[in-house]
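Architecture at a glance
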Amino acid sequence: MSGERAVAAASGRFDLWQRVYSRGIGYVFLLPTLAFLVVFSYYPAFSALWHAFYNWDGAFVRAFVGFKNFVDIVRDPIIHLGIRNVVILWIAGLIKVLTFPLLTAELIFSLRSQRAAYWYRTLFIVPMVIPGIVIILLWQYIYDPQLGLLNRLLAAAGWRNVMPQGGWLGNMEGALAAIIGIGFPWAGGLSMLIYLAGLQSISGEVIEAAQLDGAIGLRRVVHVDIPLIMGQIKLMIILTTIGVLESFEVLLILTEGGPNNATMTPALWMFMKGFRFQQFGYASAVGVMIFLVVLGLTYVNTRYIRSSIEYEA
């Protein structure tokens, strides 16, 4: 029997190499993509994991320090403040991505005119082609304490002394709220499109049966639509979690973590430590911690957050 298994294994390997050889041109075309993936995705990740245990300046100085960088992270008061800020941003991000985009998708899905639904969908998607930096700079102008659109609108409404001292982005108590307000009314094109695709995949027979049972309007949304698009909702939770924990460009451009670290997050502190203080070993350790947190939250979301429809399936 062992001889037969050896022959079968050898035959399987031969068939594999024969298939590779017969489709060789396809694998050749894949090599450049694989090379870029290794260089720009896998290598930085493994490099960060390796250098998290070193005192490294990013170029020459490298000394093994074991878990010292991780101990420093636990003791770092700015990391503690950043965790508080990122939890607030995460909760706000979940509220934004689970309300306005879903409501917009439901309204477009409920339109009887397919032409109207097409044009509304297009109007919400068009802003996605605008570079993100343009939107950030636009909101920087909106929050400007002298010429900003927000102050002008408030003044026109009779509220001239609403702006906090130091400006919307320069006040310790209000800077984080101003960051959360960016993008209002938060009906993002990508999230809306994902929800809409999920709604359109619902069988017409299911919707008709729900209507016959009296599930119309908000009742249908709660008891039919949301359970059936739970996969899309979980995807948006994962994407929002990753975005909040890893993104820092908005904070870097608008506040640089200030005033007095009021808008600092672990991802922004990782950037500061690496590229401004040349402490790349510490920055790598912060990156590893963020990766572990994202991995854990993603596992919990995909493993334990399920609807009754998923359990029945």
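Residues numbered from 1 in each chain as written. Predicted model: local features only at pLDDT ≥ 70, side-chain atom pairs only at ≥ 80, totals over all residues. Heavy atoms only, no water.

Some thoughts on the overall build of the chain
Quick note on the threshold: Only DSSP runs of H or I covering at least 4 residues are called helices, and only runs of E covering at least 2 are called strands; the numbering of each starts at the N terminus. Radius of gyration here is computed from C-alpha atoms only, and the compact-globule reference equals 2.2 Å multiplied by the residue count raised to the power 0.38. Every residue pair with non-hydrogen atoms within 4.5 Å of one another is taken to be in contact. Exposure was quantified through the Shrake-Rupley algorithm and a 1.4 Å probe, taking into account, for residues, occlusion by the shown protein chains and nothing else.
Assigned secondary structure in the chain consists of 16 helices and two strands. Its C-alpha radius of gyration of 25 Å places the chain more than 25% over the 20 Å reference for a compact globule of 313 residues. Taking the principal axes of its C-alpha atoms as reference, the chain extends roughly 90 × 70 × 35 Å. Nonlocal contacts in the chain, meaning residues at least 24 apart in sequence, comprise 65% of its contacts between residues at least 6 apart. Accessible area of the chain: about 20000 Å², with a carbon and sulfur share of 69%.

Concerning unusual backbone geometry
Trans is the prevailing form of peptide bonds, just as negative phi is the prevailing case for residues other than glycine. The amide bond that connects Phe184 to the next residue, Pro185, takes the cis arrangement and shows omega of 10 degrees. Following Gly258, the chain continues into Pro259 via a peptide bond in cis, with omega recorded as -5 degrees. Inspection of the secondary structure puts Pro259 in the loop between helix 13 (249-254) and helix 14 (266-275). Here the phi dihedral of Glu256 falls at roughly 55 degrees; this positive angle occurs in a residue that is not glycine.

Considerations on the pattern of salt bridges
Close approach of charged atoms lets side chains of opposite charge pair. Stated precisely, the cut-off is as follows: The term salt bridge refers to a pairing of a side-chain nitrogen on Lys or Arg with a carboxyl oxygen on Asp or Glu at a separation within 4 Å. Categorising residues by exposure relies on relative accessible area from a 1.4 Å probe, with only protein chains included: less than 20% of the type maximum marks a residue as buried, more than 50% marks it as exposed, and the intermediate range marks it as partly exposed.
Applying the stated criterion to the full structure yields four salt bridges. With a shortest N-O distance of 2.9 Å, Lys68 and Asp72 are connected by a salt bridge. Residue Lys68 and its partner Asp72 are both found in helix 3 (residues 68-75); the two are separated by four residues, about one turn of the helix. Judged by its relative accessible area of 46%, Lys68 falls in the partly exposed class. A single network of salt bridges, built from pairs that share partners, joins Glu106, Arg220 and Asp225.

Thoughts on the nonpolar core
Threshold: What makes a nonpolar core is a set of buried Ala, Val, Leu, Ile, Met, Phe, Trp, Tyr and Cys residues whose side-chain atoms join them at distances within 4.5 Å.
Of all hydrophobic cores here, the largest spans 36 residues; its most connected members are Tyr143, Ile179 and Trp269. Elements with a minimum of two residues in this core: helix 3, helix 4 (77-109), helix 6 (132-142), helix 8 (175-181), helix 12 (230-246), helix 13, helix 14 and helix 15 (280-304). Tallying contributions element by element places helix 15 first for this core, with six residues. Counting residues in each nonpolar core, the second largest holds 18 residues, with Met192, Leu199, Ile207 and Ile233 among its members.

Brief notes about the environment of Arg84
Considering the arrangement of structural elements, one finds Arg84 in helix 4. Between the C-alpha atoms of Arg84 and Asp144, which are 60 residues apart in sequence, the distance is 26 Å.

A word on the packing of aromatic side chains
We count it as follows: Pairing of aromatic side chains requires ring centres within 6.5 Å, counting the rings of Phe and Tyr and the six-membered ring of Trp. Pairs whose planes differ by under 30 degrees are stacked, by over 60 edge-to-face, and all others tilted. Sitting over a ring, as applied to charges here, requires NZ of Lys or CZ of Arg to be within 6 Å of the ring centre and within 35 degrees of the ring normal.
Applying the stated criterion across every chain yields a total of 15 aromatic pairs. Between Phe248 and Phe271 the ring centres are 5.1 Å apart and the planes differ by 35 degrees, which places this aromatic pair in the tilted class. Placement of Phe248 in the loop between helix 12 and helix 13 and of Phe271 in helix 14 is noted, with a sequence separation of 23 residues between them. Connected via pairs of aromatic rings, a cluster forms that spans Trp56, Phe248, Phe271, Phe275 and Phe280. Over the face of the ring belonging to Tyr54 we find Arg62, whose NZ or CZ atom lies 5.5 Å from the ring centre. Positioned above the aromatic ring of Tyr282, the side-chain terminus of Lys273 is 5.0 Å from the ring centre.

Quick notes on a nonpolar patch on the surface
Inclusion rule: The patches reported here contain residues having more than 30% relative accessible area and no salt bridge. Joining distances are 9 Å for like charges and 5 Å for nonpolar side chains (Val, Leu, Ile, Met, Phe, Trp, Tyr).
On the surface, a nonpolar cluster with roughly 1000 Å² of combined accessible area is contributed by Leu31, Leu34, Phe36, Leu37, Val38, Val39, Phe40, Tyr42, Phe46 and Leu49. Along the polypeptide, Val38 turns up in helix 2 (residues 24-51).

As for the side chain of Thr104
Checked against the element boundaries, Thr104 lands in helix 4. With relative accessibility at 11%, the residue Thr104 sits in the buried group.

What about helix 15?
Put simply, the rule is: Each residue after the first adds 1.5 Å to the expected span of a helix.
In a regular helix each residue adds 1.5 Å, so 25 residues correspond to 36 Å; helix 15 covers 36 Å between its end C-alpha atoms and thus fits that length. Phe280, Gly281, Tyr282, Ala283, Ser284, Ala285, Val286, Val288, Ile290, Val294 and Asn301 are the residues of helix 15 that are buried.

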